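Fold and contact review
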Amino acid sequence: MIVDTETHPLLFGRYAPNNGNKTLIKHYTWCEHSPELLVAEMDNAGVDKAFLISYDAEDIQFPEETKGYTLEDYAGGRKYSLRGLRQFPDRFWWFNTVKDPKRYDAAAKVAQDFADGAVGIKLFPCYIQCHLNDPGLVKVFETVRQHKGRALVSFQSWRDGKIPFATYMEEAAEMLARFPEVNVALMQAGCVDPLKPEIEPVLDLVRRFPNCYLSTGYCGEVWDDGTEYPYANWQGRIKTLVQGVGADRVMWGTDWPWFEHFFKYQQSVNSVLRHAHYMSETDKAFFLGNTAARFMGVTP
């Protein structure tokens with residue numbers, strides 16, 4: 001079983017025609033990347049299921065504005081992804097992004113997501129500049145626990161925010177201990193480079209809490225391999241994670257389609273199957289899908 005733990009179907013992102021047409025080689029800037037296209041890529045690469053993660057322009061406003069983009073430069077979100085889930089219910093697990101609890105009744109919106117077919121939440125605490133122990137987010141996690149859901153947490157853009165990473169690590173430990181029934185995946189491998197010493201607090205969280213996992217799309221918020229298959233630097237990062245916490249706690253993910261200009265979808269699978277020689281065949285099976293199945297509470 002192979003599971004992609006990070007995908008984001010969308011109409012367009014960072015819309016090129018309105019921004020000088022500088023990024024046409026990044027097809028997502030002008031071309032739709034639909035759930036239908038994602039399923040075709042999955043079929044071609046032998047991928048069985050994917051985490052379908054939805055967010056809208058408001059959800060990613062903070063990092064986009066730091067890059068000079070506006071709300072009109074992204075199109076996609078809840079309705080768009082939900083259509084894909086309805087069309088391919090056996091191929092996707094749907095996670096919707098949590099709204100800012102300082103502006104919305106986020107827990108009520110999460111409850112509606114579960115009613116509509118979600119299996120969990122996606123949370124960007126740095127995008128909304130929110131502590132993990134904020135009362136509104138505590139209610140969100142209580143709702144997730146009530147629905148026996150999962151949580152995907154990304155600390156993306158923590159360097160641009162006001163809350164230190166060390167504080168988030170402390171709050172993550174508090175949250176993991178408070179909600180032991182909720183499996184939590186730290187996306188982007190915790191958003192620190194696994195090839196640097198800063199990864200140790202992230203690995204420590206995974207070692208301490210059996211409900212904590214790592215997903216590896218845009219691993220460490222670093223991509224420095226260009227188009228050089230089989231991506232030696234990325235391999236080094238994955239090796240560090242697998243050796244640090246075990247392949248049964250680390251999950252493969254592509255962050256499709258944000259890095260498609262660097263690798264074809266099938267190449268991301270083959271880079272593991274054919275070139276991750278630091279992993280046994282059993283470890284590869286865990287990394288590519290069995291760990292994600294365990295995270296979701298299903299038998300691969």
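Everything below is about the structure printed above this text.
These numbers were taken from a predicted model, which means no experiment stands behind them.

On to the pattern of salt bridges. This model, assessed by the stated rule, comprises 19 salt bridges. A salt bridge links K122 to E6, with the nearest nitrogen and oxygen atoms 3.9 Å apart. You can see K122 sitting in strand β6 (residues 120–123) and its partner E6 sitting in strand β1 (residues 3–7), a full 116 residues away along the chain. In this structure E6 comes out as buried when scored by relative accessible area, which is 1%. For the salt bridge of D59 with K99, the shortest nitrogen-to-oxygen distance reads 3.0 Å.

Okay, empty space enclosed by the protein next. Following the criterion strictly, the structure yields four cavities of 30 Å³ or more and no others. Put simply, the largest cavity is a space of about 80 Å³. Along its surface, the largest cavity is lined by 13 residues, and W223, W234, G253, F263 and S268 are the ones closest to its centre. Across the lining of the largest cavity, the residue classes break down as seven nonpolar, six polar and no charged. Here the second largest cavity defines a volume of roughly 70 Å³. Taken together, L132, N133, L137, V138, F141, E171, E174, M175, R178 and F179 make up the lining of the second largest cavity. Of all the secondary-structure elements, those providing two or more residues to the lining of the second largest cavity are α5 (135–146) and α6 (165–178). Residues belonging to the lining of the second largest cavity are distributed by class as follows: six nonpolar, one polar and three charged.

Another aspect to go through is the pairing of strand β7 (residues 150–153). Of the two faces of β7, the one lined by R150 and L152 and the one lined by A151 and V153 are each fully buried. Of the pairings in the sheet, the one linking β6 to β7 comprises four bridges and is parallel in character. Its bridge partner being in β7, G120 is matched across the sheet by R150. By the bridge criterion, three bridges tie β7 to strand β8 (residues 184–186) in an arrangement that is parallel. Each bridged residue has a counterpart across the sheet, and for A151 the counterpart in β8 is V184. Considered for its hand, the β-α-β crossover made up of β7, α6 and β8 is right-handed.

Another point: the packing of aromatic side chains. Evaluation of the coordinates by the stated rule reveals 24 aromatic pairs. Seen in terms of ring centroids, Y55 and Y74 are 5.7 Å apart; in terms of plane orientation they differ by 40 degrees. Their pairing is tilted. Of the two residues, Y55 sits in the loop between β3 (49–54) and α2 (61–66) while Y74 sits in strand β4 (residues 74–75), which places them 19 residues apart along the sequence. Relative accessible area serves as the criterion here: at 6%, Y55 is assigned to the buried category. For the ring pair F259 and F262, a centre distance of 6.5 Å and an interplane angle of 25 degrees mean the geometry is stacked. Ring-pair connections join several aromatic residues into one group, and the members of that group are Y218, W223, Y229, Y231, F259, F262 and F263. Over the aromatic face of W93 sits the side chain of K49, whose NZ or CZ is 4.6 Å from the ring centroid. One Lys or Arg, R83, reaches over the ring of Y80 and ends 5.3 Å from the middle of that ring.

Cut-off values and rules
- Residues numbered from 1 in each chain as written.
- Predicted model: local features only at pLDDT ≥ 70, side-chain atom pairs only at ≥ 80, totals over all residues.
- Heavy atoms only, no water.
- Salt bridge = Lys/Arg side-chain N within 4 Å of Asp/Glu carboxyl O.
- Helix = DSSP H or I, 4+ residues; strand = E, 2+ residues; numbered from the N terminus.
- Buried < 20%, exposed > 50% of the residue type's maximum accessible area, 1.4 Å probe, protein only.
- 1 Å grid on protein atoms, 1.4 Å probe; cavity = no way out; pocket = protein on both sides within 12 Å on 5 of 7 lines; lining within 4 Å.
- Points joined across faces, edges and corners; volume = space filled by probe spheres on them.
- Nonpolar A, V, L, I, M, F, W, Y, C, P; charged D, E, K, R; others polar.
- Pairing = 2+ DSSP bridges.
- Right-handed = clockwise from strand over helix to strand, strands pointing away.
- Phe/Tyr/Trp six-rings, centres within 6.5 Å; stacked < 30°, edge-to-face > 60°.
- Lys NZ or Arg CZ within 6 Å of the ring centre and 35° of its normal.

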